Amino acid sequence: MTSASSHVPIRLVDRNPAISGAEIASELVPPPQFEHASFESYRPDPDFPSQQAALERLNQFAGAWRAAQRPGGFFSRKRPARIELPGVYLDGGFGVGKTHLLAALWHVAHGPKYFGTFIEYTALVGALGYQPAIDLLRGAKLICIDEFELDDPGDTMLMTRFLGELMASGTRVAATSNTPPNALGEGRFAAADFLREIHALSSNFETLRIDGLDYRRRDTEGHAVALATDDEVARTAQALAERDHRVSLDTFDELIAHLATVHPSKYVKLVQGLDTIALQGVHELTDQNAALRLVAFIDRAYDAEVPIITSGLALDQVFGGDMMSGGYRKKYLRAISRMIALTSGELPPHD
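Nothing here was measured: the structure is a model prediction, and the numbers come from that model.

## Notes on empty space enclosed by the protein
Inspection of the entire model under this criterion finds three cavities of 30 Å³ or more. Considering only enclosed or pocket space, the second largest cavity measures out at about 50 Å³ in volume. Lining the second largest cavity, in full, are Ile-19, Ile-24, Glu-27, Glu-120, Ala-123, Ser-265 and Val-268. When its residues are assigned to classes, the lining of the second largest cavity shows four nonpolar, one polar and two charged.

What follows is the structure, encoded as structure tokens:
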């Protein structure tokens, strides 16, 4: 990759990262901002009792699972209640603490264990092949899947089969999404056999609903922050670089075009090592594929806690046309929430 140490901004479009299946697997851990997430550090909002209820239920899930791992655990007089289903599914809006709770569960679990986004697991299968990926993860005590998505019917059916095999071998699975499992795919795909696959997967999960307000938007304005001109972005990026700040500078069009040439599983390496991302000339997007790639990129920037400075249209207003009323509305809303956080200068400590 291009070095960011020459006192000038680098260009994201000059990065053409490669990533192996082994690298993907080694990175299946919670993002840096959740490195110390715990059940104790989760702060339920008293106005939304479902947050406290989900916290308590996950503690029970973890307790029963840990007891099963301890010699004689099932024969203890204080044996916890048996968990009937091998999976737990956290359903809720944006910024209510789902990822924090998921990471907290991962941290208390005994290994081997994995934590990743839906796209990271599908990328692992793509890099290794289906059976080698199964063999790699087989024997895991816990697999956490953050932001379970159904943007592609093929990927969904693949993951249904993938998780089914792992659960059959004793792996527990915890996942998050913004839609209940039995509603995933509604408004996007109509094939009855595809919906049947979704429902078969959801039957393995206990669903925990988490209501609440998006903490990322509680203390921010209604839109992402943008600088006045392209020149101002360039000057800011140059000033940061001269202070040994690792900053990238690209036009919005250049980034959008480049994202189309890089598999989303590699976006994590596009933002790797950066302190700030600078984008000039942000404007509305009308191509949905481009918009979805931008969403994936924003997710990786958010996970890596890399703030973004921009000029042009406020970044959270890029989703044009009918995008906000279409089948990917929830995904765009999550991205908007993260765009506001990334441009506000204050990245919250937990999701």
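Back to the text.
## Some remarks on the packing of aromatic side chains
Each aromatic ring pair is characterised by the separation of its centres together with the angle its planes make. Within the structure shown, the criterion is met by four aromatic pairs. Between the aromatic rings of Tyr-130 and Phe-162, the centroid separation amounts to 5.9 Å while the plane-to-plane angle is 75°, which identifies the pairing as edge-to-face. In this pair, Tyr-130 is assigned in helix H5 (residues 130-137) and Phe-162 in helix H6 (residues 153-168), connecting sequence segments 32 residues apart. In this pair, the class of Tyr-130 matches that of Phe-162, namely buried. Centre to centre, the rings of Tyr-267 and Phe-297 are 6.4 Å apart; their planes meet at 70°, and the pair counts as edge-to-face. Placement of Tyr-267 in helix H10 (residues 267-270) and of Phe-297 in helix H11 (residues 288-303) is noted, with a sequence separation of 30 residues between them. Each of the two residues, Tyr-267 as well as Phe-297, counts as buried. We note Arg-161 situated over the ring of Tyr-130; from NZ or CZ to the ring centre the distance is 3.9 Å.

## Details of the sheet that holds strand S6 (residues 247-251)
Here we have three strands laid out as an open sheet, ordered S6-S7-S8, and parallel in their pairing. The sheet terminates laterally at S6 and strand S8 (308-312), the two strands that pair on one side only. Neighbour-to-neighbour, the strand axes of the sheet open up by a mean angle of 15°, direction not taken into account. Pairing between strand S7 (residues 276-282) and S8: four bridges, direction parallel. Paired with Val-282 across the two strands is Gly-312, which belongs to S8.

## A few points about the sheet that holds strand S1 (residues 87-92)
As summarised here, the arrangement of the five strands in space is S2-S3-S4-S1-S5, forming an open sheet in which the pairing is parallel. The sheet is open, and its two edges are formed by strand S2 (113-117) and strand S5 (205-210), each paired on a single side. Averaged over all adjacent pairs, the angle separating strand axes in this sheet is 15°, with direction ignored. Of the strand pairs in this sheet, S1 and strand S4 (residues 172-177) are connected by five bridges, and their pairing is parallel. Residue Asp-91 lies in a different strand from S4, and its bridge partner there is Ser-177. Of the strands in this sheet, S2 and strand S3 (142-146) are in contact with helix H4 (residues 118-128), which crosses S2 at around 110°.

About the thresholds
- Residues numbered from 1 in each chain as written.
- Predicted model: local features only at pLDDT ≥ 70, side-chain atom pairs only at ≥ 80, totals over all residues.
- Heavy atoms only, no water.
- 1 Å grid on protein atoms, 1.4 Å probe; cavity = no way out; pocket = protein on both sides within 12 Å on 5 of 7 lines; lining within 4 Å.
- Points joined across faces, edges and corners; volume = space filled by probe spheres on them.
- Nonpolar A, V, L, I, M, F, W, Y, C, P; charged D, E, K, R; others polar.
- Phe/Tyr/Trp six-rings, centres within 6.5 Å; stacked < 30°, edge-to-face > 60°.
- Helix = DSSP H or I, 4+ residues; strand = E, 2+ residues; numbered from the N terminus.
- Buried < 20%, exposed > 50% of the residue type's maximum accessible area, 1.4 Å probe, protein only.
- Lys NZ or Arg CZ within 6 Å of the ring centre and 35° of its normal.
- Pairing = 2+ DSSP bridges.
- Axes fitted to C-alpha atoms, helices over the stretch in contact; angles between N-to-C directions.
- Contact = heavy atoms within 4.5 Å.

By themselves these figures say nothing about function.
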